[in-house]
Structures are given as structure tokens and as C-alpha cells.
Amino acid sequence: MTPSPWSRLDLNLFRVFEAVHEHGGISGAARQLHLSQPAVSHALARLRRIWGDPLFVRQGNRMVPTELTRRVIGEVRAHLRGLQDCLAQAETFDPRTLDITLRLGMRDVMEAITLPPLMAHLADTAPGVRLASVRVPRADLERLLSLGEVDLVIDRQRRVAGRIKGAHLADEALAVVARRGHPALKKGLDVSAYFQQGHVMVSMLPDQADPLQAVWAALGQGDRRITLRCQHYFAAAHVVAASDALLTLPRTYAERLCEALPVVLLDLPVRVPPMGIWMYWHADRDGDPVHRWMRDSVATGARQAMHQAHDLR
């Protein structure tokens, strides 16, 4: 059965609709909402598909509302204000009464670290809450949060603009995994041995530069010899377990891999600043008590997992 187009509707689409009507164009709406013009155009295109109507037609430098838009804009504005009032008044709620699906943007590393304690927490406090973990390309983080297509994103520290907010969860060091009995590592892993071996690099982009290239340059080293690029750390670790290649990755996840695969954990023989792990969301969700509860739950789960891993070292 084909899902209804209304099943993924969210408040941000109507905010875009109202802003385009108010300003008579994409650029004015984008400035008001602190979004890019492509993000506003994308949201408007989604509404056009849902309603089966152009909603606005261009006349000179302005976008003029269609008959359908003129008919519904008053109700849309009234409902937006009513929803905002409801959120402002809903200071408390019982998580056990929730029956919702929350969409979290994260990569496989953070899935393995964060989801086990988070799901255990939800089972005790909010059994009706379902999670959907989705991959969010870093270039799309702001757009997807602004459009409400994801509720939260957990990723490494990055610059964000507009109305995207962030909170620091933890700092994560890098480590190396290699197959057990690796012949070149019997005396440990030093800088020379590290650069003599082939490396597996995890990246969603086929031509992405080595993220540690600046570190190697500061050491006077050339580039690592990348023998394989793949999309997931678990697949990369399987390759490492059956070859002489090395894999550099966040230490907490490396420890998980050592429990599941015939690989060993080694210190990265180079001083590299730890990666900041952050949680990102749209500022419009700040006052929503459900979203605030979700942020607290995700932060608790992530910090608990990271602290437990650090305590075991």
C-alpha cells in the first residue's frame, strides 16, 4: 500500500508556505527563516506535490498566490499559531504516553555506540517510541533539519549556520585496528610501520581527500597508501581481519570491533586532537517538550556509552 503523502508532513513546510506568501518570493522567505533559497524551493516543491497545485506563480519579480493558496492561507496561519501556543503551554508530559517515530541522523559508528543504551533507556521510560536511524550527508545536515525530515543529527563537530543549534556530547580519540598476528607489527606500531602498510579508508564519497592529510603533512610524511575505500567501518574491519591493511577509526567503536572480529587494537602512533561528537537540531524545536526530552535521552545514552568505554580502558 502506497503511503499517503500527508504521512510525512511537518510544521516546517507550512512555515515556508506562510513566509513565501508574506514576502512574495523565495529570497525573502529564505531570509526570514534563515534558510538557503534551495531549501525553501525544495520545501515549496514538496507542498506543490502534496496539494497538486502550483500554490504560487511568478509575475515579474513576485510570486503571486494561486486561488487555492488564497483560500487556505488564513487557516494555515491560524493553525500554525495554535500549534505554537499548544507547544508553549505543554510544559510537562508523560513519555510513557508517546506513540511516535523519531528520526535520528547518524553514521554506523555512532549507531553502534549510541543505540544500545538509548534503546534500553526507551524500553524503560517510553516503550511507545520508535527510532529510525538514517544517514544524513554532511552537506544536507542544515537543510534536512530545517525541513523537519530528521529530528536530530549526531555527527562530528562542524560549523553550522542559520537556526541550527548544537550541543557537545563527548570527545573521541582515534585508534588503529589490525589483524591478529600481523607480521609487521610484532614490535608494535610506530610511525614508520604505520606508513609502510596499506590502509582502508571509510568514506561515502569516492574522491574524498584523506581527513588526516594535514596531520601527515605536519609530520613531514607523505600521504598514506589507501588500498581500499569503502562505505562502512564494519565492512572495513572485515577486510583488515583478512589482510595486512590497517584501519584508523574512533577508539570506542574500534573496541567494539575487537570483541566481534579477529583484530587487535593499537594506539595511533601520532598525536591527533580528539574528535568532538555533537548533537544538532533546529532552533524551532527548542520549546517543544517532546523534542527537549528526546535531546536529553539521546545525550544521556551517548554520554553513558562513551563514559563506560573510557572507564574500561
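Placed above this text is the structure.
Analysis parameters
Residues numbered from 1 in each chain as written. Predicted model: local features only at pLDDT ≥ 70, side-chain atom pairs only at ≥ 80, totals over all residues. Heavy atoms only, no water. Helix = DSSP H or I, 4+ residues; strand = E, 2+ residues; numbered from the N terminus. Buried < 20%, exposed > 50% of the residue type's maximum accessible area, 1.4 Å probe, protein only. Contact = heavy atoms within 4.5 Å. Areas by Shrake-Rupley, 256 points an atom, 1.4 Å probe, with all protein chains shown as cover. Lys, Arg positive; Asp, Glu negative; His and termini not counted. Charge placed at Lys NZ, Arg CZ, Asp CG, Glu CD. Disulfide = S-S within 2.5 Å. Axes fitted to C-alpha atoms, helices over the stretch in contact; angles between N-to-C directions. Parallel < 35°, antiparallel > 145°, perpendicular 65-115°, else oblique. Nonpolar A, V, L, I, M, F, W, Y, C, P; charged D, E, K, R; others polar. Salt bridge = Lys/Arg side-chain N within 4 Å of Asp/Glu carboxyl O. Pairing = 2+ DSSP bridges.

Take the overall build of the protein next. When its secondary structure is counted, the protein shows 11 helices and 12 strands. Sorting the 313 residues of the protein into buried and exposed places 45% on the buried side. The long-range share in the protein, meaning contacts at least 24 apart out of those at least 6 apart in sequence, stands at 73%. A total of about 16,100 Å² of accessible surface is found on the protein, and carbon and sulfur atoms cover 53% of it. Separation of charge centres in the protein, based on 39 positive and 33 negative side chains, amounts to 4 Å.

Our focus in this paragraph is the state of the cysteines. Inspection of the entire model under this criterion finds zero disulfides. Cys258 provides the cysteine sulfur closest to Cys230, a residue in no disulfide bond, and the two sulfurs are 16 Å apart. A relative accessible area of 14% means that Cys230 is categorised as buried. Classification of Cys258 by relative accessible area gives buried; the value is 18%.

Helix packing for two helices is described by the angle between their axes and how far apart those axes are. With their axes 9 Å apart at the nearest point, helix α2 (residues 26-33) and helix α3 (residues 37-51) run at an angle of 105° to one another. Between α2 and α3, the crossing angle belongs to the class labelled roughly perpendicular. Taking contact as the criterion, the partners of Ile26, Ser27, Ala29 and Ala30 in α2 are, on α3, Gln37, Val40, Ser41 and Leu44. Residue composition of the contact of α2 with α3, grouped by class: five nonpolar, three polar and no charged.

This next bit is on the pattern of salt bridges. As enumerated under the stated definition, the model contains 15 salt bridges in all. Between Glu67 and Arg70 there is a salt bridge, with the nearest N and O atoms lying 3.3 Å from each other. Within this pair, Glu67 and its partner Arg70 are both found in helix α4 (residues 67-89), separated by three residues, close to a single helical turn. In this structure, the salt-bridge partner of Asp155 is Arg138, at a minimum N-O distance of 2.8 Å. Highlighted residues: Asp155 in strand β5 (residues 152-156) and Arg138 in the loop between β4 (130-134) and α6 (141-146), separated in sequence by 17 residues. The exposure class of Asp155 is buried, given its relative accessible area of 5%. Assessed through its relative accessible area of 25%, Arg138 is described here as partly exposed.

With that settled, consider the environment of Gln37. Turning to its location among the elements, Gln37 is positioned in helix α3. We classify Gln37 as partly exposed; its relative accessible area is 43%. For the pair Gln37 and Ser27, spaced 10 residues apart in sequence, the C-alpha separation works out to 5.9 Å. What Gln37 contacts, discounting residues up to four positions off in sequence, is Ile26, Ser27 and Ala30.

Taking strand neighbours across the sheet as the criterion, the five strands line up as β4-β3-β5-β12-β6 in an open arrangement whose pairing is mixed. Strands at the two margins of the open sheet, each flanked by one partner only, are β4 and β6 (164-172). Taken over all neighbouring pairs, the strand axes of this sheet differ in orientation by 25° on average, direction set aside. Taken together, the four bridges between β5 and strand β12 (residues 275-282) define a ladder with antiparallel strand orientation. When the bridges of β12 are listed, Ile154 appears paired with Met279.

Turning our attention to the sheet that holds strand β9 (residues 225-230). Here we have five strands laid out as an open sheet, ordered β9-β8-β10-β7-β11, and mixed in their pairing. Because the sheet does not close on itself, it has two edges, and the strands there are β9 and β11 (263-267). Adjacent strand axes in the sheet meet at a mean angle of 35°, parallel and antiparallel pairs treated alike. Strand direction decides the pairing type here: strand β8 (residues 198-202) and β9, joined by five bridges, are parallel. Across the sheet, residue Val200 finds its bridge partner in β9, namely Leu228. Taken strand by strand, helix α9 (residues 233-241) contacts β7 (174-179), β8, β9, β10 (246-250) and β11, and its axis lies near 150° from that of β10.

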